[in-house]
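For reference, the chains in residue letters:
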Amino acid sequence: ILPRGKYKNESWILEICKRLKATNYINAPNGKDLYNSFNFQKDGIILEFIEPKFMPYPQKSSKFIKGLSILDILMNTKINEIIEILTKFSIKSKSS
């Protein structure tokens, strides 16, 4: 466990990666503005981001709205569709 208050900003995740001997860290797309890839590179860690592919699925609205919560997918689709939707993504670096 990391001590409270010792690590600020992205340093806490970098410390976790180092302790786990991670070579890659994959984050949600919104982290692109949060993390500095140079700081990860200097510690030998590749910073990457999940890029979801928003497949249309049945929703309560008449027009498909992409990027809603996972809860919307769970409430409106069958298990086999959920698996298909959740496996449609790519991993990209910040510069991609």
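So, here's what we can say about the structure. (Residues numbered from 1 in each chain as written. Predicted model: local features only at pLDDT ≥ 70, side-chain atom pairs only at ≥ 80, totals over all residues. Heavy atoms only, no water.)

1. So, the nonpolar core
In this structure, I13, L14, C17, Y25, Y35, F40, I45, L47 and F49 together form the largest nonpolar core, which totals nine residues. The set of elements that each furnish at least two residues to this core consists of helix 1 (11-19) and strand 2 (46-52). The element best represented in this core is helix 1, accounting for three residues. In contact with Y35, other than residues within four places in its own chain, are E10, W12, I13, Y25, N27, F40, L47 and K94. (Core = buried A, V, L, I, M, F, W, Y, C linked by side-chain atoms within 4.5 Å. Buried < 20%, exposed > 50% of the residue type's maximum accessible area, 1.4 Å probe, protein only. Helix = DSSP H or I, 4+ residues; strand = E, 2+ residues; numbered from the N terminus. Contact = heavy atoms within 4.5 Å.)

2. Considering the pattern of salt bridges
Charged atoms that come close allow side chains of opposite charge to pair. Taken as a whole, this structure holds four salt bridges when the rule is applied. A salt bridge links E15 to K18; the nearest nitrogen and oxygen atoms lie 3.9 Å apart. Residue E15 and its partner K18 are both found in helix 1; the two are separated by three residues, about one turn of the helix. Overall, E15 belongs to the buried group, its relative accessible area being 17%. For K18, a relative accessible area of 40% translates into the label partly exposed. (Salt bridge = Lys/Arg side-chain N within 4 Å of Asp/Glu carboxyl O.)

3. Observations regarding a nonpolar patch on the surface
A cluster of nonpolar side chains, contributed by I26, I50, F89 and I91, occupies part of the molecular surface with about 300 Å² of accessible area. Residue placement: F89 occurs in strand 3 (residues 89-93). The partly exposed category is assigned to F89, whose relative accessible area is 40%. (Patch = residues over 30% accessible without salt bridge, like charges linked within 9 Å, V, L, I, M, F, W, Y side chains within 5 Å. Areas by Shrake-Rupley, 256 points an atom, 1.4 Å probe, with all protein chains shown as cover.)

None of this, on its own, says anything about what the molecule does.
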